[in-house]
Amino acid sequence: MSALHFDESLVTIIEDEGLDTFAVEDRLVKIMHGGGWIKDSFGSALCEREQNYPTALDAGGINVAIPHCDPGHVNHGAICAAVLKHPVAWRRMDDPAQTCDVSLVVMLALEEAHAHMEMLQKVIGIVQDQVLAARVVASRDSAQLYGLLKDYLA
């Protein structure tokens with residue numbers, strides 16, 4: 001798998017209430033697009049993929065969503081992460097008819113078609129450690145959030 005770029009400019013804490021899945025994804029798309037990591041088409045491709053193949057994982061506590069789309073919409077591989085201070089109901093990967101409240105979003109811009117499996121394992125490692133996941137979602141600022149995630153995602 002190609003190395004994925006991950007730095008403090010690619011993390012954010014979203015404190016807004018009343019957001020939905022697509023509003024959250026749009027925020028992260030803007031961050032990634034602003035850095036030149038993704039093409040203009042990434043946002044609409046991501047939205048379409050999310051409608052057909054939801055990306056939330058119910059970890060039984062602090063839950064995560066891992067949105068991504070086809071590598072054809074990516075300029076350079078990168079990871080963008082967000083903590084949602086007000087969890088968002090997100091359709092589940094394993095049961096699209098159900099939702100779970102997501103507090104951590106890890107958006108992947110992948111240059112290789114099946115590279116998401118390795119990153120999925122890394123993200124699952126974060127939420128399997130619910131003590132770590134709680135520290136992540138309690139982050140007060142981007143620097144703290146990046147510091148907690150860099151060893152897992154970089």
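Thresholds, definitions, all that
Residues numbered from 1 in each chain as written. Predicted model: local features only at pLDDT ≥ 70, side-chain atom pairs only at ≥ 80, totals over all residues. Heavy atoms only, no water. Helix = DSSP H or I, 4+ residues; strand = E, 2+ residues; numbered from the N terminus. Rg over C-alpha atoms; globule rule 2.2 N^0.38 Å. Buried < 20%, exposed > 50% of the residue type's maximum accessible area, 1.4 Å probe, protein only. Contact = heavy atoms within 4.5 Å. Areas by Shrake-Rupley, 256 points an atom, 1.4 Å probe, with all protein chains shown as cover. Lys, Arg positive; Asp, Glu negative; His and termini not counted. Charge placed at Lys NZ, Arg CZ, Asp CG, Glu CD. Pairing = 2+ DSSP bridges. Salt bridge = Lys/Arg side-chain N within 4 Å of Asp/Glu carboxyl O.

1. A word on the overall build of the protein
For step 1, the next point in the chain: Helices and strands together make up the secondary structure of the protein, namely 5 helices and 5 strands.
For step 2, the next point in the chain: When the elements of the protein are put in sequence order from the N terminus, they spell out β-α-α-β-β-β-β-α-α-α.
For step 3, the next point in the chain: In terms of overall dimensions, the protein is globule-like: its C-alpha atoms have a radius of gyration of 14 Å, near the 15 Å expected for 154 residues.
For step 4, the next point in the chain: With the principal axes as the frame, the protein shows a C-alpha extent of 35 × 35 × 30 Å.
For step 5, the next point in the chain: Within the protein, the fraction of its 154 residues that count as buried is 46%.
For step 6, the next point in the chain: Look at the contacts in the protein between residues 6 or more apart in sequence, and 73% of them connect residues 24 or more apart.
For step 7, the next point in the chain: Element-wise, carbon and sulfur atoms account for 47% of the exposed surface of the protein, whose accessible area totals about 7,200 Å².
For step 8, the next point in the chain: Taking the 11 positively charged and 22 negatively charged side chains of the protein as two groups, their mean positions are separated by 3 Å.

2. So, the environment of A81
For step 1, the next point in the chain: Along the chain, A81 turns up in strand 4 (residues 78-91).
For step 2, the next point in the chain: In sequence terms A81 and D26 are 55 residues apart; their C-alpha atoms lie 13 Å from each other.
For step 3, the next point in the chain: For A81, the residues in contact, after removing those within four places along its chain, are F6, L10, V11, T12, V105, V106, L145 and L149.

3. Side note on the pairing of strand 4
One face of the sheet, then the other: side chains in a regular strand alternate in exactly this way.
For step 1, the next point in the chain: Pairing of strand 1 (residues 11-14) with strand 4 involves 4 bridges; the strand directions are parallel. Bridged to I14 within strand 4 is L84.
For step 2, the next point in the chain: Pairing of strand 4 with strand 5 (residues 99-109), which is carried by 10 bridges, proceeds in the antiparallel orientation. Residue pairing in the sheet places W90 in a bridge with C100 of strand 5.

4. Description of the pattern of salt bridges
For step 1, the next point in the chain: Following the criterion strictly, the structure yields 4 salt bridges and no others.
For step 2, the next point in the chain: Its salt-bridge partner being R27, residue D16 comes within 2.4 Å of it at the nearest N-O pair. Taken together, the residues span a long stretch of sequence, with D16 in the loop between strand 1 and helix 1 (21-34) and R27 in helix 1 at a distance of 11 residues.
For step 3, the next point in the chain: The class of R27 is partly exposed, set by a relative accessible area of 31%.
For step 4, the next point in the chain: Taking the shortest distance from any N to any O, the salt bridge between D58 and R92 comes out at 3.7 Å. Taken together, the residues D58 in the loop between strand 2 (56-57) and strand 3 (63-65) and R92 in the loop between strand 4 and strand 5 connect sequence positions 34 residues apart.
For step 5, the next point in the chain: A residue is classified by how much of its surface remains accessible, and R92, at 17% relative accessible area, is buried.
For step 6, the next point in the chain: Residues participating in the shared-partner salt-bridge network are D58, R92 and D94.

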